[in-house]
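Structure assessment
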2 protein chains.
Amino acid sequence: MSAQKKHFEHHLSYVLAAAHRSINQSLTERLKKHGIKIEAWRVMECLDAGERLTMGELADRALLNPPTLTKLVDRMVLDGLVHRKVADEDHRQINLLLTSLGRIRMIQIRQEVDAQDQSLADVLDTTSIDMLREALAKLC
Amino acid sequence: MSAQKKHFEHHLSYVLAAAHRSINQSLTERLKKHGIKIEAWRVMECLDAGERLTMGELADRALLNPPTLTKLVDRMVLDGLVHRKVADEDHRQINLLLTSLGRIRMIQIRQEVDAQDQSLADVLDTTSIDMLREALAKLC
DNA sequence: TGAATTTAATTTCCAAGTCAAATATTTTGA
DNA sequence: TCAAAATATTTGACTTGGAAATTAAATTCA
């Protein structure tokens, strides 16, 4: 009958935060070997995906606020991973591009992320992961 | 046949980060009316759940690193929401306790969180939410 | 017992994030 | 055409978060 709520840990926002924290911690640990942060990896994957992206589009896809992205990109430029190019059509925009070093490093890092995905497969079967992905996507 | 991976947005770590960001943003917005942060709400719910908690236990449950918790608690003490009490048995430990103001404010805030949960029900049915919760729990 | 070790919480210091304002460019419409 | 409004990004002041060091108390065991 009556659904008992009681524990605040049942709130989706809590479970989501907990899972995110846990996954992020283990991924952060893995990427530490490569001297890179998850956010920087996301930026590189976004750039590798093909289309030229402006800082704004990139911020959306890499899940970062624009000022945060600007500062992260400053560091990535120093590290030689990306470079800025003023967009041809609209000079207010910046197209961010992967350097060849950036691409190489990204591919190495991608293997690390794939390894983490593999280890997730031990705890959740493929169907569950697909359902999970689908459900999470609806929340955005 | 061949499962195409291609888009890095399919990584669980990405979908999870995206969903977390989205939910957190809307909840942060709601809680802004109450002048409180999600983390502080979690702390209050943990304290309300019954047992006396030490800072360490609290940090685990509220999903915060100990130094972050200490600083958050400093602010919450200033706001009159909680107070520190040195534990009887072990004087190294601190038991954090809700003040009556803290409890009142927590209950108001809980309604806001419940409202957000309601609005999630519009996008995901009960069964999906249960599955989601269960799958996420396994990731921790 | 009491010196050495372990544990809990906090502090310190620095790196990174946020908000609002500033800058530069493009677009609008009088 | 050109001043005003809108848009993209960055900057700057301030706050927050994290790793490692510090403090204080409890535990171990020689």
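For the structure itself, consult the block above.
Residues numbered from 1 in each chain as written. Chains lettered and ligands numbered in written order. Predicted model: local features only at pLDDT ≥ 70, side-chain atom pairs only at ≥ 80, totals over all residues. Heavy atoms only, no water.

Notes on the overall build of chain A
Secondary structure summary: chain A contains six helices and three strands in total. Traced from its N-terminal end to its C-terminal end, chain A shows the element sequence α-α-β-α-α-β-β-α-α. Taken over C-alpha atoms, the radius of gyration comes to 18 Å for chain A, far larger than the 14 Å a tight globule of 140 residues would show. With respect to the principal axes defined by its C-alpha atoms, chain A has extents near 65 × 30 × 25 Å. At a minimum sequence separation of 6, the contacts of chain A that also span at least 24 residues come to 47%. (Helix = DSSP H or I, 4+ residues; strand = E, 2+ residues; numbered from the N terminus. Rg over C-alpha atoms; globule rule 2.2 N^0.38 Å. Contact = heavy atoms within 4.5 Å.)

Re the protein's contact with DNA strand D
Of all residues adjacent to DNA strand D, which total 20 residues, the nearest are G56(A), T70(A), R92(A), T68(B) and K71(B). When the atoms of DNA strand D within 4 Å of the protein are sorted by group, sugar and phosphate make up 67%. In the model, a phosphate oxygen of DNA strand D is placed 3.3 Å from a nitrogen or oxygen of the I94(A) main chain. Between H91(B) and DNA strand D, the recorded distance is 3.1 Å, taken from a backbone N or O atom to a phosphate oxygen. Those elements that place two or more of their residues in the surface near DNA strand D are α3 (55-61) and α4 (66-78) of chain A together with α4 (66-78) of chain B. Among the residues forming the surface near DNA strand D, the class breakdown is five nonpolar, seven polar and eight charged. (Near = heavy atom within 4 Å. Polar contact = N/O pair within 3.5 Å; in protein donor to acceptor, adjacent residues only side chain to side chain. Nonpolar A, V, L, I, M, F, W, Y, C, P; charged D, E, K, R; others polar.)

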